[in-house]
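The chain contents come next:
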Amino acid sequence: QGSLLYLDTLHATFPQALAPRGTALLSWAPTRPRAPAGWPLPRLYCTPAEAGAVPSRAAALRLQLLFALRQRALRVLEAGLASELHDALAILRCQWPALAQDLALGRLNPQPGLPEDTRGRLQALLAPDAARAAELQAECACGFEGIVQRLWPQLEVVVLGMAHGAEQLYCHALRQADCKGLPIYCPFYQAAGVLLGVNLWLEEPAARFLLCPDWAFCEFLPSPAKEDSQTVLLGELWEGREYGLVLTARPGEYRCQAGDVLRVTGFHKQCPVVEPVRREGQALSVRGESIPEERFCRSLCRAVGMWPGARLLDYICVESALLGASSGACAPHYEVFVELQGLRDLSEGQRYKLDQCLQEDFPIYKSFRFKGSIGPLRLHLVGAGAFSRLREALGSPCPMPRVLREERLLHLIQSTVIS
């Protein structure tokens, strides 16, 4: 039902979008080759399913990008996550001369993470295309703003399997640069691996989802929850209020809190329409101040706006306790790692802007800073591509958390610090 609703919505808005071989897929699925929504529509995609199932995420995205570049008449560019499309286009920026050579010669060069047997099977699907290679070289030589529409002039829409929560930053970056001028459509809302809702409003910039009542059993806890809070059902939701999702996917399965907080934006034929607001548990809290991930991101973006020429590409936050002795003898504090474009270094005054923004946006943080029970925030710049390598190291096709709590990954990102 979800697949059909999505395809019907897409076809109603863009009648040519479902043309055979008119969709390219960028999605790493190492366990088995499939589209993000799981439907078997081989004639829809120009991308070989095997290209997304190789062990290496970077190798998978490069392969899928190469097969997408072969198809000039694309109508839809689809990715499982906004970060996957973001990283695939980063590969294009760095490797376009090699990709153009592969297109011209119709060959796959050996690359890390690509098994030799898989390479042989995919090689058989390629043929030399010197004209398309020349077009790729000409467009990339002109810069990368709006590159997606320039490479695929018939492209109508970008479809993302997930574009909310931690993925919003990548969506914003795509709209501002590479995918400029194209609508970005997120068709599904999933939680705990279960499909719960569908987005019927393709042309609206903010994704909102119709919750379908017979897909899973959903309950809702008013947010913020109190000790005596009771769950309510679909028919008891109020427009404008926020709720934590409690999910029982199928009869006989465990009932669990999914961790998502949803805001009810309206109703469609008596069924609630929601937008995901945040993930519970993704908060910074070294002294119980509990700064949610999405509000921290707003403060960070405001601070970046005070750094002339800078554009935020990616970031993570770490509570200093995770660093152990390497954090020094000062009071508990936040360590923030950022990847910027357009700025190679920051003065101490510029670095302090983020701490200042946090104090202005969160009075409790300001109070703890004034008392000295929370130390000054430390900001680190990391090298280009650091977060792409971090997502590769995670070894999971799920979104990367913004509040990092894994020590092994922290060491990886620390090794890329440039200032």
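Just so you know, the residues in each chain are numbered from 1, in the order the chain's sequence is written. Reporting in this predicted model follows two pLDDT cut-offs: at least 70 for local features of residues, and 80 or more for side-chain atom pairs to be given and counted; totals over whole chains, interfaces and linings ignore these cut-offs and use all residues. Computation of side-chain values covers all heavy atoms of the structure but excludes hydrogens and water.

(A) Region of the structure containing the overall build of the chain. Segments assigned H or I by DSSP are reported as helices when at least four residues long, segments assigned E as strands when at least two residues long, and all are numbered from the N terminus. The secondary structure content of the chain amounts to twelve helices and 16 strands. When we talk radius of gyration, it's over C-alpha atoms, and the globule rule is simply 2.2 Å times the number of residues to the 0.38. Its C-alpha atoms give the chain a radius of gyration of 23 Å, within 12% of the compact-globule value 22 Å for 419 residues. With the C-alpha coordinates of the chain rotated into their principal frame, the extents come out at 65 × 55 × 35 Å. Exposure classes here rest on a 1.4 Å probe applied to the protein chains alone. A residue is buried below 20% of its type maximum, exposed above 50%, and partly exposed in between. Relative to its full complement of 419 residues, the chain shows a buried share of 52%. All accessible areas in this document rest on Shrake-Rupley with a 1.4 Å probe, and a residue is counted as covered only by the protein chains that are shown. In the form shown here, the chain has an accessible surface area of approximately 19100 Å², with 54% of it arising from carbon and sulfur atoms. Charged side chains in the chain number 43 positive and 43 negative. The centres of these two groups are separated by 3 Å. Positive charge is attributed to Lys and Arg, negative charge to Asp and Glu, and no charge count is given to His or to the chain ends. A charged residue contributes its charge at one atom only: NZ of Lys, CZ of Arg, CG of Asp or CD of Glu.

(B) Region of the structure containing the sheet that holds strand 6 (residues 194-198). Strand order in this open sheet of seven strands is 5-6-7-11-10-9-8, and the pairing throughout is antiparallel. Strands with a single pairing partner mark the edges of an open sheet, and in this sheet they are strand 5 (188-191) and strand 8 (217-222). Within this sheet the neighbouring strands show an average axis-to-axis angle of 50°, counted without direction. Residue contacts are counted whenever heavy atoms from the two residues lie within 4.5 Å of one another. Orientation is described by lines fitted to C-alpha atoms, with helices fitted over the stretch in contact, and by angles between N-to-C directions that extend from 0 to 180 degrees. Sitting on the sheet, helix 1 (residues 2-13) touches strand 5 and strand 6, and the angle it makes with strand 6 is about 35°. When DSSP finds two or more bridges between a pair of strands, those strands are recorded as paired.

(C) Expanded view of the nonpolar core. With 84 residues, the main nonpolar core has Leu85, Leu92, Trp152, Leu196 and Phe220 as its most contacted residues. Apart from the residues lying within four places of it in its own chain, the contact partners of Leu92 are Leu65, Leu69, Leu99, Leu136, Cys140, Phe144, Ile147 and Leu151. If you look at the next biggest cluster of nonpolar residues, it comprises 31 residues, including Leu169, Trp307, Leu358 and Phe362. Definition used in this section: a nonpolar core is a set of buried Ala, Val, Leu, Ile, Met, Phe, Trp, Tyr and Cys residues joined via side-chain atoms within 4.5 Å.

(D) Summary view of the domain arrangement of the chain. Domain delimitation follows an automatic or database domain assignment. Taken domain by domain, the chain comprises domain 1 (1-186), domain 2 (207-279) and domain 3 (283-415). Each of domain 1 and domain 2 was reduced to a C-alpha centroid, and the two centroids are 33 Å apart. Each partner contributes to the interface: domain 1 provides five residues, whereas domain 2 provides five residues. Accessible surface is computed with a 1.4 Å probe, and the buried area is the amount of it that two parts give up when combined, taken over both parts together. Interface area for domain 1 against domain 2, summed over the two sides, is near 430 Å², with a carbon-plus-sulfur share of 67%. Considering only the side of domain 1, the residues that lose the most area to domain 2 are Gln1, His164 and Cys186, jointly responsible for 72% of the buried surface there. For this analysis, a salt bridge means a side-chain nitrogen from Lys or Arg found within 4 Å of a carboxyl oxygen belonging to Asp or Glu. Our enumeration of links across domain 1 and domain 2 arrives at zero salt bridges. Residue composition of the side of domain 1 that touches domain 2, grouped by class: two nonpolar, three polar and no charged. The residue classification treats Ala, Val, Leu, Ile, Met, Phe, Trp, Tyr, Cys and Pro as nonpolar and Asp, Glu, Lys and Arg as charged. All others, Gly included, are polar.

(E) Structural detail: the environment of Leu81. The residue Leu81 is located in the loop between strand 2 (76-79) and helix 3 (82-105) in this model. Accessibility expressed as a relative area gives 7% for Leu81, which makes it buried. Between the C-alpha atom of Leu81 and that of Met400, which follows or precedes it by 319 residues, the distance is 10 Å.

(F) Representation of the pattern of salt bridges. Overall, the coordinates contain 24 salt bridges when judged by the stated rule. A salt bridge links Arg402 to Asp314; the nearest nitrogen and oxygen atoms lie 2.5 Å apart. Of this pair, Arg402 sits in the loop between helix 11 (386-394) and helix 12 (407-414) while Asp314 sits in strand 14 (residues 311-319), and the two are 88 residues apart along the sequence. When its relative accessible area of 1% is taken as the criterion, Asp314 is described as buried. Residues participating in the shared-partner salt-bridge network are Arg57, Asp87, Asp314, Arg391 and Arg402.

(G) Summary view of unusual backbone geometry. The omega torsion across Ser223 and Pro224 is 0°, close enough to zero to call that bond cis. By the element assignment, Pro224 lies in the loop between strand 8 and strand 9 (242-248). The phi torsion at Lys269 lies on the positive side, around 50°, for a residue other than glycine. Structurally, Lys269 is set in the loop between strand 10 (256-268) and strand 11 (271-279). Note on Lys269: relative accessible area 75%, which makes it exposed. Residue Ser290 is not a glycine yet carries a positive backbone phi of 50°.

(H) Structural detail: the state of the cysteines. Here, the term disulfide refers to a pair of cysteine sulfur atoms separated by no more than 2.5 Å. Inspection of the entire model under this criterion finds zero disulfides. Cys297 carries a free sulfur, and the closest cysteine sulfur to it, the one in Cys301, is 4.1 Å from it. Cys297 provides the cysteine sulfur closest to Cys317, a residue in no disulfide bond, and the two sulfurs are 8.5 Å apart.

(I) Representation of the side chain of Glu293 within the structure. Position of Glu293 relative to the elements: it lies in helix 8 (residues 293-304). Notably, Glu293 is buried but unbridged: the nearest opposite-charge side chain belongs to Arg402, and the N-O separation is 5.1 Å. In this structure, Glu293 is in contact with Gly165, Ala166, Gln282, Ala283, Tyr315 and Arg402, ignoring residues within four places of it in sequence.

(J) Examining the packing of helix 9 (residues 348-361) against helix 10 (residues 363-371) more closely. It is the contact of helix 9 with helix 10, at a shortest axis distance of 5 Å, that shows an interaxial angle of 120°. Here helix 9 is positioned oblique relative to helix 10, judged by the angle of their axes. Contacts between helix 9 and helix 10 involve Asp355, Leu358, Gln359 and Asp361 from the first element and Pro363, Tyr365, Lys366 and Arg369 from the second. Oblique is the label for any angle not covered by the other classes, which are roughly parallel (under 35 degrees), roughly antiparallel (over 145) and roughly perpendicular (65 to 115).

(K) The arrangement of the environment of Leu412 in detail. Along the chain, Leu412 falls in helix 12. Residues Leu412 and Arg389 lie 23 residues apart in sequence; the distance between their C-alpha atoms is 8.6 Å. Those residues within four positions of Leu412 in sequence are excluded, and the remaining contacts are Arg389, Leu390 and Ala393.

(L) Highlighting the packing of aromatic side chains. Ring pairs are drawn from Phe, Tyr and Trp, using the six-membered ring of Trp, whenever the two centres fall within 6.5 Å, and their geometry is named by plane angle: stacked under 30 degrees, edge-to-face over 60, tilted for the rest. The tally for this structure, following the rule as stated, stands at six aromatic pairs. In textbook terms, an aromatic cluster arises when at least three aromatic residues are bridged by ring pairs, as seen for Tyr6, Tyr185 and Phe188. Two limits define a charge over a ring: the Lys NZ or Arg CZ must be within 6 Å of the ring centre, and within 35 degrees of the ring normal. Over the ring of Trp201 we find Arg208, and its NZ or CZ is 4.2 Å from the ring centre. Geometry around Tyr315 places Arg402 over its ring, the cationic atom sitting 4.8 Å from the centre.

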